[in-house]
Amino acid sequence: MEEVKLMKGNEAIAHAAIRYGVDGYFGYPITPQSEVLETLEELMPWETTGMVVLQAESELAAINMVYGGAASGKAVMTSSSSPGVSLKQEGISYIAASELPALIVNVMRGGPGLGTIQPSQADYFQACKGGGHGDYHLIVLAPATVQEMADFVGLGFDLAFKYRNPAMILADGIVGQMMEKVVLPPFRPRRTAEEIAKQCPWAVTGKGGRGHRNIVTSLEMESPAMEQNNLRFQRTYAEIEANEVRYQEYYTEDAEYLIVAFGSVARICLKAIEDARAVGMKVGLLRPITLWPFPSKALDELSKRIKGALVVELNAGQMIEDVKLSVNCRVPVYHFGRMGGMIPNPTEVLDALRADFNI
Amino acid sequence: MKPEEIIKPENKIYSRPRLLDDRNTHYCPGCSHGVVHRIIAELIDEMGLEDKAIGVAPVGCAVFAYNYIDVDWVEAAHGRAPAVATALSRLNPGHLVFSYQGDGDLSAIGTAETIHAANRGENIAIIFINNGIYGMTGGQMAPTTLLGMKTATTPYGRRADLNGYPLRISELLERLDGTCYITRQAVHTAAAVRKTKAAIRKAFENSVAGRGTSVVEIVSTCNSGWKMTPAQSNEWMAEHMFERYPLGDLKNI
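Remember, it's a predicted structure, so these values are computed and weren't measured experimentally.

The rules behind each value
- Residues numbered from 1 in each chain as written.
- Chains lettered and ligands numbered in written order.
- Predicted model: local features only at pLDDT ≥ 70, side-chain atom pairs only at ≥ 80, totals over all residues.
- Helix = DSSP H or I, 4+ residues; strand = E, 2+ residues; numbered from the N terminus.
- Rg over C-alpha atoms; globule rule 2.2 N^0.38 Å.
- Buried ≥ 20, exposed ≤ 12 C-beta atoms within 10 Å, placed from the backbone.
- Contact = placed C-beta atoms within 7 Å.
- Nonpolar A, V, L, I, M, F, W, Y, C, P; charged D, E, K, R; others polar.
- Pairing = 2+ DSSP bridges.
- Core = buried A, V, L, I, M, F, W, Y, C linked by C-beta atoms within 7 Å.
- Domains from an automatic or database assignment.
- Expected span 1.5 Å × (residues − 1).
- Bend = angle between axes of the 7 residues up to and from the residue.
- Axes fitted to C-alpha atoms, helices over the stretch in contact; angles between N-to-C directions.
- Parallel < 35°, antiparallel > 145°, perpendicular 65-115°, else oblique.
- Left-handed = near helix turned anticlockwise from the far one by under 90°.
- pLDDT = per-residue confidence, 0-100.

A. Seen up close, the overall build of chain A. Of regular secondary structure, chain A possesses 13 helices and 15 strands. A compact globule built from 359 residues would reach a C-alpha radius of gyration of about 21 Å, and chain A, at 21 Å, matches this within 12%. For chain A, the C-alpha atoms occupy an extent of roughly 70 × 50 × 40 Å along the three principal directions. For chain A, buried positions account for 53% of its 359 residues. By sequence separation, contacts in chain A at least 24 residues apart represent 79% of the contacts at least 6 residues apart.

B. Looking closely at the interface of chain B and chain A. Every contact between the two is made by 29 residues of chain B and, on the other side, 33 residues of chain A. Listed by contribution, the elements that provide at least two residues to the side of chain B that touches chain A are β1 (53–57), β2 (72–75), α3 (81–91) and α5 (111–120) of chain B. For the side of chain B that touches chain A, the element with the most residues is α3(B), which contributes eight residues. The residue inventory of the side of chain B that touches chain A, partitioned by class, reads 16 nonpolar, four polar and nine charged. Across two bridges, the pairing between strand β9 (residues 215–216) of chain A and β2(B) is parallel. From the neighbouring strand, Val216(A) faces β2(B), where its bridge partner is Val74(B).

C. Just the nonpolar core, in detail. Residues and elements named next belong to chain A. Val66, Val140 and Cys269 are the most contacted members of the largest nonpolar core, which has 180 residues in total. Residues lining this core come from more than one domain, with at least three contributed by each of domain 1 (4–193) and domain 2 (248–357). Setting aside residues no more than four positions away along its own chain, valine 66 makes contact with Phe26, Val76, Met77, Thr78, Gly91, Ile95 and Ala102.

D. Quick look at the environment of Ala108(B). Examined against the element boundaries, Ala108(B) turns out to sit in helix α4 (residues 103–109). Sequence-distant contacts of Ala108(B), defined by excluding residues within four places in its chain, comprise Ala142(B) and Pro143(B).

E. Looking closely at unusual backbone geometry. Residue and element names in this part refer to chain A. Proline 112 follows glycine 111 through a cis peptide bond whose omega is 0 degrees. One can find proline 112 in the loop between β5 (103–108) and α5 (124–128). A cis amide bond links tryptophan 292 with the next residue in sequence, proline 293, at an omega value of 0 degrees. Despite not being glycine, asparagine 328 shows a phi value in the positive range, around 55 degrees. The topology assignment puts asparagine 328 in the loop between α12 (319–327) and β15 (333–337). The phi torsion at asparagine 358 lies on the positive side, around 55 degrees, for a residue other than glycine. Residue classification places asparagine 358 among the exposed positions, given that 5 C-beta atoms sit within 10 Å.

F. Representation of the domain arrangement of chain A in the model. Residues and elements named next belong to chain A. The domains assigned to chain A are domain 1 (4–193) and domain 2 (248–357). Between the C-alpha centres of domain 1 and domain 2 there is a distance of 27 Å. Each partner contributes residues to the interface: domain 1 has 24 residues there, and domain 2 has 21 residues. Tallying contributions element by element places α5 first for the side of domain 1 that touches domain 2, with four residues.

G. Region of interest: helix α10 (residues 230–244) of chain B. Residues and elements named next belong to chain B. When the terminal C-alpha atoms of α10 are compared, their 20 Å separation across 15 residues agrees well with the 21 Å that a helix rising 1.5 Å per residue should span. When the local axis directions of α10 are compared, the greatest deviation, roughly 40 degrees, occurs at methionine 237. Regarding α10, the residues found buried are Ser233, Asn234, Met237 and Met241. Looking at the buried side of α10, the elements it contacts are β8 (213–219) and α9 (223–226).

H. View of the sheet that holds β2(B). The eight strands are arranged β9(A)-β2(B)-β1(B)-β3(B)-β4(B)-β8(B)-β7(B)-β9(B) in an open sheet whose pairing can be described as mixed. Each edge of the open sheet carries a strand with a single partner, namely β9 of chain A together with β9 (248–252) of chain B. Strand direction decides the pairing type here: strand β4 (residues 125–130) of chain B and β8(B), joined by six bridges, are parallel. Paired with Ile126(B) across the bridge in β8(B) is Val215(B). Those strands touched by α3(B) are β1, β2, β3 (96–102) and β4 of chain B, and its axis lies near 175 degrees from that of β3(B).

I. Looking closely at the sheet that holds strand β3 (residues 52–55) of chain A. Residue and element names in this part refer to chain A. Overall, mixed pairing links the seven strands, which are arranged β3-β2-β4-β5-β7-β6-β13 in an open sheet. Lying at the two open borders of the sheet, with one neighbouring strand each, are β3 and β13 (290–292). Adjacent strand axes in the sheet meet at a mean angle of 20 degrees when their direction is disregarded. In this sheet, β3 lies alongside strand β2 (residues 24–27) in parallel orientation, the contact comprising four bridges. Bridge pairing links phenylalanine 26 to leucine 54 in β3.

J. Focus on the packing of helix α1 (residues 9–20) of chain A against helix α2 (residues 34–43) of chain A. Residue and element names in this part refer to chain A. Two elements in contact, α1 and α2, have axes whose closest approach is 8 Å; the angle formed by their N-to-C orientations is 45 degrees. What the angle tells us is that α1 and α2 run oblique. For the crossing formed where α1 meets α2, the hand is right-handed. Each of Asn10, Glu11, Ile13, Ala14 and Ile18 in α1 lies in contact with α2, whose residues at this interface are Glu35, Val36, Thr39, Leu40 and Leu43. Within the contact of α1 with α2, the residues separate by chemical class into six nonpolar, two polar and two charged.

K. Broad picture of the environment of Leu247(B). Residue position: Leu247(B) is located in the loop between α10 and β9. Sequence spacing of Leu247(B) and Gly164(B) is 83 residues, and the spatial spacing of their C-alpha atoms is 23 Å.

L. Inspection of the confidence of the model for chain B at higher detail. The predicted model of chain B averages 96 in pLDDT, with 100% of residues at 70 or higher. Under the prediction, the complex receives an ipTM of 0.96, its pTM being 0.97.

Structure below.
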């Protein structure tokens, strides 16, 4: 029988991590994501699955613990919120450059600077366009429900290990804090040392049984070799772009206008679209689930049969750049955003759509 | 006796350690790193820890330590080795996890990670090379640089009013409940090398036995950064560095 629970998105991440068989979580308190660490400490998984849970002295230390754990082939993760995720960028770049699997959760709050503790989506650029130094990509998943908060832990790790590339759950503070029904994933055991050795022959676990040393490093002083490393990264990214794009369409079959939104904002837009349909406006929604890789092809196709698109975000206009690139100037693309922790209601979204397209 | 009669395996009393790679290093002639690398390679072999050893390399001159000592390695970001080692140790119980760090890495940019890993009593051994200067980047001031010492960023000598005082990080770590063994050694004489080897052996034993954090500070020379010959560097170190950084055990539980 399905086990239905009522909990916050942040709590769902903690439960899902234990159930997935995560080996280690390293975190630091910051609103609005502290419930991840708090829930893990309360559940004491070290007594059951053997999962390590550690409150680090800083976000810097936490992401470098993730780097160390990932280097030994373990399934390790961290979570934070926007200012804390900024601190993690150096480590994220190292993890990506060392081709290590790991999961990073960002429950976004309003910025820039210390900003506010209220919800935001203003870290889209940081998550999808690099964030840290160098040419790299994270696999970025955008949950819209507490259910997806739980489900994307497993999905994030599966993709991270498949491609040896860090994945990020880019959630907004709404989905982190709100309570919803959730069906938690089943328990699965943590991988054994033998399974890790088989899955991750590159892992640093001591030479035992292997006969040769493993080295995890992002350093390469020879430029031709470093370029080859970069070309290898780019091949991985191309493979991810070809295979792992995820999105959902709503009411797009006959849509004349398209709203593009991710995370919990997509749910506000869905309500706006239902209101629009009630008065005869043919509006559809595309919700990217993977922000990187971005559903460019789907948008390209849709743009051939719509009159225009409105991108709704909790920021000043970030994802709109990818939407514009995807539709290739075929139709006008407008933006409606709220900032600083403000959340639009469906009426505001609909009003923006009417005003932009004069309908 | 002919040389061929003498050069036989059974007569061999000194050689390259099995776990020290047979290749040129990038270290300057006279630098202390080579001696410390040799000690680590010898000890891991002697203690039978080859299959369970994981080293964490720093950013600094020892960044390529993983190219010289034949065990598993992770290359950490600047200063973050104790955080990396924390996770490796917690997730791989029963392994020997050690970091190898310089004074810029450990006592400047990585001070927080060092203090908190030690305060948690992580079962790691920290090998700390203190030569009072940033070697890799060309001889800039480190927190450990002595007052009056000339570096690329203190060309007229370090001044307390501008640059603060030489940081004695081992004295800070000695106060923390999580540490079990804090010692300061050197490798400028044969006797000092033997003492350092005994100290690192103890640190490795502590880590494997789960007794907490051990730190072996090795007061070292940087003859190119100090702009001296190797011999002058050893003399200058004994004359000046040991006064600020006295050798011996600070804590041994």
